[in-house]
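Here are the chains, one letter per residue:
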Amino acid sequence: MPDLGKYAFEVLSSYGATLLLLVGLLALTLRRGRAARAALRKIEAEIKQDG
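Residues numbered from 1 in each chain as written. Predicted model: local features only at pLDDT ≥ 70, side-chain atom pairs only at ≥ 80, totals over all residues. Heavy atoms only, no water.

Trainee: How would you explain the overall build of the protein if you had to name every residue and give the values?
Mentor: Broken down by element type, the protein carries one helix and zero strands. Expected size for 51 residues packed as a compact globule is a radius of gyration near 10 Å; at 21 Å, the protein overshoots this value by more than 25%. For the protein, the C-alpha atoms occupy an extent of roughly 70 × 15 × 5 Å along the three principal directions. Counting across all 51 residues of the protein, residues that qualify as buried make up 0%. Of the roughly 4900 Å² of accessible surface on the protein, a fraction of 66% belongs to carbon and sulfur atoms. Across the protein, the mean location of the 8 positive side-chain charges is 4 Å away from that of the 5 negative side-chain charges. (Helix = DSSP H or I, 4+ residues; strand = E, 2+ residues; numbered from the N terminus. Rg over C-alpha atoms; globule rule 2.2 N^0.38 Å. Buried < 20%, exposed > 50% of the residue type's maximum accessible area, 1.4 Å probe, protein only. Areas by Shrake-Rupley, 256 points an atom, 1.4 Å probe, with all protein chains shown as cover. Lys, Arg positive; Asp, Glu negative; His and termini not counted. Charge placed at Lys NZ, Arg CZ, Asp CG, Glu CD.)

Right, dumping it as structure tokens:
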């Protein structure tokens, strides 16, 4: 690991915050994708019933 000197805490906390945000965005994206697929399946089922 490179020597970060007196800014080690700031740099590492920035990396940590970035990683946390990326994980949160990934989780949100996956959750919204599942919800969109479920809504699409519901709409498609309704169309098949009406047709």
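After that view of the structure, there is still more to cover.
Trainee: Please give an account of a nonpolar patch on the surface that cites residues and values.
Mentor: Residues L22, L25 and L28 make up a contiguous nonpolar surface patch of about 280 Å² in total accessible area. Examined against the element boundaries, L25 turns out to sit in helix 1 (residues 8-50). (Patch = residues over 30% accessible without salt bridge, like charges linked within 9 Å, V, L, I, M, F, W, Y side chains within 5 Å. Salt bridge = Lys/Arg side-chain N within 4 Å of Asp/Glu carboxyl O.)

Trainee: Kindly report on the environment of K42, identifying the contributing residues and their values.
Mentor: Tracing the backbone through its elements, the reader meets K42 in helix 1. Classification of K42 by relative accessible area gives exposed; the value is 55%. A C-alpha to C-alpha distance of 35 Å links K42 and L19, two positions 23 residues apart in sequence.

Trainee: Give me the lowdown on the environment of D3, citing residues and values where you can.
Mentor: Here D3 is to be found in the segment before helix 1. For D3, a relative accessible area of 75% translates into the label exposed. A distance of 3.3 Å separates a polar side-chain atom of D3 from the backbone nitrogen of G5. (Polar contact = N/O pair within 3.5 Å; in protein donor to acceptor, adjacent residues only side chain to side chain.)

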